[in-house]
Amino acid sequence: MQVYKSFFKVLNKYKGQMIMYLCIFCSLLTIFIKTSSASNPNGYKDKKCEFAVFDYDGTAASMAMISYLSETNKRADAGVIKDEKISMQNALYNREADAIIRIPEGFEDKLVSGEAEGVIDVITIPGTQNSMLIESDLDGFLGMTELYLKAGYSMEEAVVKAETALAETAEVSLPDGGDVSSHSSIYTFFSYLGWVMLCLMITGVASVLQVFGRKELKDRIECSSYNFLNFNKELLLGMITTGLMICGVFIIVGVILLKGALFSSEGGLYLLNMLCYAVVCLSIAFLVSKITSKQEILSMIANVVSLGMAFLCGIFVPVEFLSESVIKVAHFLPAYWYNQAALNIDFHMHEKMGSIFAAMGVQILFAVAIVVIGMVVDRKKTA
Amino acid sequence: MFWHNFKNCMKVTLKAKVSIFWTLLFPIALATFMYVSFGNIMDNEEMFKNIDVAVVSSGEEENGLMVVIDALSEGDDKLLNVKEMSEAEAKQALKDEKVTGIIFADDVRLMVNESSANASILESILSSYKQNEYAIKDIMGNLETAPNEADIMAIMSDVMADTSYYTEKSTSDSNQNMYNNYFYAIFAMSCLFAAYSSVGAISNLQANESGKGMRKCISPNSKIVFIVSDFLSLLVLHFLVELIALLYMSTVLGIEFGDKYPAMILTLFVGSMIGLAIGVIVGAIAKLGFGGKIGILTAIGLVLSGMADLFVNGVKRAIELHVPIINKINPAALITDCFYSLNTYDDYTIFIQNIMIMAVESVVLIVIAFMMIRRNKYASI
Amino acid sequence: MGTAVEVNNLVKRYKDLVALDHFSLKIEEGEIFGLLGPNGSGKTTTINCILSLLSFDKGDIQVFGKKMKPTSYDIKKDIGVVMQNVAVFDELTVYENIDYFCGLYIKEKETRRKYVEEAIEFVDLADYKKFLPKKLSGGLLRRLNIACGIAHKPKLIFFDEPTVAVDPQSRNKILEGIKMLNEAGATIVYTSHYMEEVEQLCSRILIMDKGKQIALGTKDELKRMIKNTETVSVEVLGLGDAELDKLKSLPHVYDAGYEDGMLHLYFSGGKHNLIRVMECFKENNISFGRVTSELPTLNDVFLEITGKELRD
């Protein structure tokens, strides 16, 4: 177990670096959870758009609209923003407001006479998500108000009734009678872990492995009586131990962030899935350490590989947004299976137990394949 | 000497093919990944069509929802792909993932497997139907006279009219889409990564880090000449890398960056500058080994990028509210702000201000680095 | 001829370890000066201090009569260093490497081209100009390392163990080259723990240990400093104590040893020591085998002064 022991002696030298990476990634995870749980439980819908208003009409219609928008979105303090280009630009640039709404004089009259199309100015950065939210709220409210106006109601009545009508929502349910919320924060945690873990393992573990890959050192070990297979086996064992320690840290972070949610059958499955994925990440770290001996390249590889998987495998961009062909490609990436397993645990833990375990199995197969490739690369390089 | 070292630095960097490969691959690969994964969303017309949905209806009641659903499932670009089923069939289909959701037409209810974008679309169709239904019933119920055909038709056509009441106005003349921010983030990160190459160059300048550094130290040349010529040489290379990445994104991927290319290119130039300068200052810290320096650079890169919203949105805003000065210093934030200011402003005041800050920061960092290693006699080699 | 290097009372500490302990040194222009000492005796530290690479705690260093500072560019341009470790760019070819390092001193292109060619000629690497360093064997790499250090034709050259891990042929080439450089007018400072090389090459030798000067002088002067002038070794079987005593009582013998059939007699002074030993054998009818007579080496000098072998 000489190699195994020395692995930890080397790792000890990289202690500071590892702790630093762990801290950074744990704080990133915390930020992810905090920002995503702030917008829970209804996903993007509750994302508030901050808006400022210049009301040059000052009528019942305009004020009712403002009060409706203020309920569904967040009204920014308009006091500092002036209806001047520079001031508005500054407000948008500094994110004091996502959109600035200008209601012109005579707005109510136009609404009554049915000529209100396009009268309100929305000043924003075109195409941003937050501004689209407020625009659709605005259209919904005015459309409903106009409907009531046409039916012969007064403005005062119409705006009240419009608001009541807009409060109607369709009921959505799951087959087993549960409520459809968006992803639970435990899913968010483990989903982002798919990126964090990979990046951490490559930057952290691969740099230790590179030490053993150094030519002089390797030659020495190779010409010793140490069996090549044993050498790699012990290295792998050392990596697995390291992986378990890192997983341990993540479990602690998870317990702190998610409170008790981890102590459930669901949590257990998530943890099992995480362990499978940790094995995959370690195998990738192993492969990367065989490909390059330069430390400065590691970080770039880590980012390309981990961000690439995060984008293509449904971690950063939900799977249903991805095109068919991307999903097909993603089947050949281990992070896809990790994320699929996590998705299924989140929504259909009981019906899809089989496919959850299958996805974990696929990850292990990936890990084995990657390790084999790593060994082949290693042999080729020495040959 | 200056040009001699400049050329040599360029030659050595170019010949280290693996490093150049990854430096170039980084922005290109990431942009490609993002492009293919966002491709669907960016191309709105391709998106959101043919959502498979099962409709369960008793068929007895007069139901306006069926009219709406039928309207949405007609034509080439139909939004919905409807199959009428019995409840049991529908639930089986949902379980087998043949359909995204089940619409129960009688009580306007939706059942889905999981929360997803398509489920949200179905939900919003139903919600908006319910709102209109409520309004129409409300209006009909309160009519003094019995509703006649013409009134109903008028109201229905109003509902269907889908008027837009606003005009969107931009404060600048650029035409951007929201996903550009992600590509700007790639540029910011790849600029910060330039630090890896300059940290190597500075290590090659210090006698306690490399034999080459020893040779340079005993040569009759000031270190500032080495620093500046290495720096400029790497700047040229990294600027080229960024330009190639920009060219790739705009031509091969076809991303619309608007027409402010000169300003973008200037941003990339100054961005490479600040990235390299960070590498120079970290490289100049005498006590650290090369591995430690790389570790610190990675940490700096991740932290700065994180604070500039490159991973998750909202951090930068929080900083703006509490300690706005950080956003004015953080190079990653400055690079993205440069791009952002091009979208917000129609003049270049703020843009130039950001560029100036970065330029000044770069110079300050290099000067400090020079002071640190200028006459460095080493305690041990 | 002036003084090339002058070091006075140099003290250098690494935390608790005293690497140089009030060390002084004076090297004249035009000589080949040898710094001899075991590993860790402070040879490289001395050189690095002279080159202003290392900070030191006390003392004063002058090169060509001027105080040496990190910014003494006028002095630095006349100095060449061949370092212990090979320090070249892995990405550049043999020619490019030499050209780069020469270019740190010589701005003018035509002159530089000439100098680089001469350096390549000098280390006999003409066939390998386009090779990358990793393709070179250990000896060739050493020669490249030398070329990088001397291509700019410096007036003062430091060779810091340039022959470590080099085969005898290459070593002789290197030593001959150094002599040629000296003949061409360069002052050479040569460090090594191989006393044969130093004996062969250097006009003056300084032996140091534990950061201190132990002895200084030409090789003859050094050898004169010790008692031993000759050691006679004889292969002989079954030598009795009485006979050994007789041998010990020969004139000029100050010590003798008999072990494993090998007799060593140590002489101090005297001219016909070997003949007297042979006569003594003849008189006592002792049969013997191989006989050798050795003059003292620098190792003996070192051994006698410090009580330990020069090589570890």
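Residues numbered from 1 in each chain as written. Chains lettered and ligands numbered in written order. Predicted model: local features only at pLDDT ≥ 70, side-chain atom pairs only at ≥ 80, totals over all residues. Heavy atoms only, no water.

Caption draft 1: Looking closely at the side chain of arginine 143 of chain C. All names here are of chain C. Residue placement: arginine 143 occurs in helix H5 (residues 138-150). At 3.1 Å, the side chain of arginine 143 forms a polar contact with the backbone oxygen of valine 123. Sequence-distant contacts of arginine 143, defined by excluding residues within four places in its chain, comprise Val123, Asp124, Leu125 and Ser170. (Helix = DSSP H or I, 4+ residues; strand = E, 2+ residues; numbered from the N terminus. Polar contact = N/O pair within 3.5 Å; in protein donor to acceptor, adjacent residues only side chain to side chain. Contact = heavy atoms within 4.5 Å.)

Caption draft 2: Looking closely at the domain arrangement of chain C. The domains assigned to chain C are domain 1 (3-220) and domain 2 (230-295). Computed over C-alpha atoms, the centres of domain 1 of chain C and domain 2 of chain C are 44 Å apart. (Domains from an automatic or database assignment.)

Caption draft 3: Highlighting the packing of aromatic side chains. Here the structure, examined in full by the defined rule, presents 24 aromatic pairs over all chains. Here the aromatic rings of phenylalanine 193 of chain B and tyrosine 196 of chain B are separated by 5.3 Å at their centres, their planes lie at 20°, and the arrangement is stacked. No difference in accessibility class separates phenylalanine 193 of chain B from tyrosine 196 of chain B, as the two residues are buried. Among the aromatic residues, those joined into a ring-pair cluster are Tyr4, Phe7 and Phe8 of chain A. (Phe/Tyr/Trp six-rings, centres within 6.5 Å; stacked < 30°, edge-to-face > 60°. Buried < 20%, exposed > 50% of the residue type's maximum accessible area, 1.4 Å probe, protein only.)

Caption draft 4: Local environment of the packing of helix H3 (residues 94-103) of chain C against helix H4 (residues 109-123) of chain C. Residues and elements named next belong to chain C. The geometry of H3 relative to H4 is characterised by a closest axis approach of 10 Å and an angle of 125° between their N-to-C directions. If you check the angle between H3 and H4, you find them oblique. In terms of crossing hand, the pair formed by H3 and H4 is right-handed. Counting all contacts with H3, which are made through Tyr95, Ile98, Asp99, Cys102 and Gly103, the residues of H4 involved are Arg112, Arg113, Tyr115, Val116, Glu117, Ala119 and Ile120. (Axes fitted to C-alpha atoms, helices over the stretch in contact; angles between N-to-C directions. Parallel < 35°, antiparallel > 145°, perpendicular 65-115°, else oblique. Left-handed = near helix turned anticlockwise from the far one by under 90°.)

Caption draft 5: How the structure looks around the sheet that holds strand S2 (residues 74-75) of chain A. Taking strand neighbours across the sheet as the criterion, the 5 strands line up as S2(A)-S1(A)-S3(A)-S4(A)-S5(B) in an open arrangement whose pairing is mixed. With one partner strand each, in any of the chains shown, S2 of chain A together with strand S5 (166-169) of chain B form the two edges of the open sheet. Here strand S4 (residues 120-124) of chain A pairs with S5 of chain B via 4 bridges, running parallel. Counted as the bridge partner of valine 122 of chain A is glutamate 168 of chain B from S5 of chain B. (Pairing = 2+ DSSP bridges.)

Caption draft 6: Looking closely at helix H14 (residues 334-348) of chain A. Taking 1.5 Å of rise per residue, 15 residues should cover 21 Å, and H14 of chain A covers 21 Å from first to last C-alpha, within 8% of that figure. The element H14 of chain A is largely enclosed, with a buried count of 14 among its 15 residues. (Expected span 1.5 Å × (residues − 1).)

Caption draft 7: The arrangement of the interface of chain B and chain A in detail. Between chain B and chain A, the residue contacts involve 85 residues of the former and 91 residues of the latter. Approximately 8,300 Å² of surface area, both sides summed, lies buried where chain B meets chain A, with 63% of it carried by carbon and sulfur atoms. Linking chain B with chain A are 3 salt bridges. Residue aspartate 346 of chain B pairs with lysine 85 of chain A through a salt bridge whose shortest N-O separation is 2.0 Å. Counting across the chain B and chain A interface gives 24 residue pairs in polar contact (both at pLDDT 80 or more). Counting residues per element, the side of chain B that touches chain A draws most heavily on helix H2 (residues 17-42) of chain B, at 14 residues. A breakdown of the residues in the side of chain B that touches chain A according to their chemical character gives 43 nonpolar, 26 polar and 16 charged. Pairing between strand S5 (residues 171-173) of chain A and strand S4 (residues 109-112) of chain B: 3 bridges, direction parallel. Along S4 of chain B, the bridge assignment pairs serine 173 of chain A with methionine 111 of chain B. (Buried area = accessible area lost by both parts, 1.4 Å probe. Salt bridge = Lys/Arg side-chain N within 4 Å of Asp/Glu carboxyl O. Nonpolar A, V, L, I, M, F, W, Y, C, P; charged D, E, K, R; others polar.)

Caption draft 8: Spatial organisation of helix H1 (residues 2-13) of chain A. Residue and element names in this part refer to chain A. Over its 12 residues, H1 extends 17 Å from the first C-alpha to the last, a length consistent with the 16 Å expected when each residue adds 1.5 Å. All of the buried residues in H1 are Val3, Phe7, Val10 and Leu11. For H1, the arc enclosing every buried residue in end-on projection is 100°, short of the 170-degree limit, so these residues lie on one face. (Arc of directions from axis to C-beta.)

Caption draft 9: Focus on the pattern of salt bridges. Within this structure, the stated rule accounts for 27 salt bridges over all chains. Residues glutamate 50 of chain A and lysine 74 of chain A are paired through a salt bridge, measuring 3.6 Å at the closest nitrogen-oxygen approach. With glutamate 50 of chain A in strand S1 (residues 50-55) and lysine 74 of chain A in strand S2, the pair connects residues that are 24 residues apart, well separated along the chain. Each of Asp83, Arg102 and Asp121 of chain A together with Lys169 of chain B takes part in salt bridges that share partners, so that together they form one network.

Caption draft 10: Quick look at the side chain of lysine 43 of chain C. Looking at the element boundaries, lysine 43 of chain C is found in helix H1 (residues 43-50). Within the structure, the side chain of lysine 43 of chain C is placed 3.3 Å from the backbone oxygen of proline 38 of chain C, a separation counted as a polar contact.

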